[in-house]
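Observations on the model geometry
The chain contents come next:
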Amino acid sequence: MLLKDFYSVVSLDKADEKNYIVWIRLNKDHEIFKGHFPDNPVTPGVCMMQIVKELTERFTGKKLFMSQVSNVKFMALINPELHPELKLEMSVDTDLELAQSKVKTTAVYEDTVALKMGTTFKIV
């Protein structure tokens, strides 16, 4: 985990061969929120991207490098004090011949879509 104690996995369900539903809990007391931003914490988009990478590495059992991001949409602010739990719906398509995983992710809290992203990871 790149950011120690930034989040924890509450539950992880594998819906089928390629689809996962993961509930995570953000640590509202993490040091990063003191700077981003004081008295109004917001989860940095790059941190959400790192979470997706780490979860994909967990699913595939492979070390990955983010090589391409497409259709990234940060649609709502994620305040860890108001919405510490997020549901990530992830579709992971790994092609060992091409040494890559293509991932589509949607992050949601309550009824709000906070993030939609398509990512290609190279297996390293």
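As a reminder, the structure under discussion sits directly above these lines.
Residues numbered from 1 in each chain as written. Predicted model: local features only at pLDDT ≥ 70, side-chain atom pairs only at ≥ 80, totals over all residues. Heavy atoms only, no water.

**With respect to the overall build of the chain**
Defined as follows: Secondary structure counts use DSSP, requiring at least four H or I residues in a row for a helix and at least two E residues in a row for a strand, with both numbered from the N terminus. Throughout, the radius of gyration refers to the C-alpha atoms, and the reference size of a globule is 2.2 Å times the residue count to the power 0.38. For the exposure calls, accessible area comes from a 1.4 Å probe over protein chains only, and a residue counts as buried if that area is under 20% of its type's maximum, exposed if over 50%, partly exposed in between. Contacts between residues were defined by any pair of non-hydrogen atoms, one from each residue, lying within 4.5 Å. Where accessible areas are quoted, they stem from the Shrake-Rupley method and a 1.4 Å probe; at the residue level, only the protein chains shown are allowed to cover. Counted as positive: Lys and Arg. Counted as negative: Asp and Glu. His and the chain ends are not counted at all. For this purpose, a charge sits on NZ of Lys, CZ of Arg, CG of Asp or CD of Glu.
Summing up its helical and strand segments, the chain has two helices and six strands in all. Walking the chain from its N terminus toward its C terminus, one meets helices and strands in the order β-β-α-α-β-β-β-β. The C-alpha atoms of the chain give 14 Å as radius of gyration, which agrees with the globular expectation for 124 residues (14 Å, within 12%). Each of the three principal axes of the chain carries a C-alpha extent, and together these read 50 × 25 × 25 Å. Out of the 124 residues in the chain, the part that is buried amounts to 39%. In the chain, once contacts between residues fewer than 6 apart in sequence are set aside, the share between residues at least 24 apart is 60%. Of the roughly 7,200 Å² that the chain leaves accessible, carbon and sulfur atoms contribute 50%. Here the chain holds 16 positive side-chain charges and 17 negative ones, and the gap between their average locations is 5 Å.

**A few points about the pairing of strand β6 (residues 112–123)**
Note the cut-off: Here, any two strands with at least 2 DSSP bridges between them count as paired.
Where strand β3 (residues 64–74) meets β6, eight bridges bridge the pair, whose relative direction is antiparallel. When the bridges of β6 are listed, Phe65 appears paired with Lys122. The sheet contact formed by strand β5 (residues 100–109) and β6 spans ten bridges and is antiparallel. Across the sheet, residue Thr106 finds its bridge partner in β6, namely Lys116. Here β5 hands over to β6 after two residues, with Glu110 in that stretch at a positive phi of 50 degrees.

**Overview of the pattern of salt bridges**
To keep it simple, the criterion reads: Within this document, salt bridges are pairs made up of a side-chain nitrogen of Lys or Arg and a carboxyl oxygen of Asp or Glu, the two lying within 4 Å of each other.
On inspection of all chains with the given rule, the structure shows six salt bridges. The partner of Lys87 in a salt bridge is Glu89, and the shortest N-O contact between them spans 3.1 Å.

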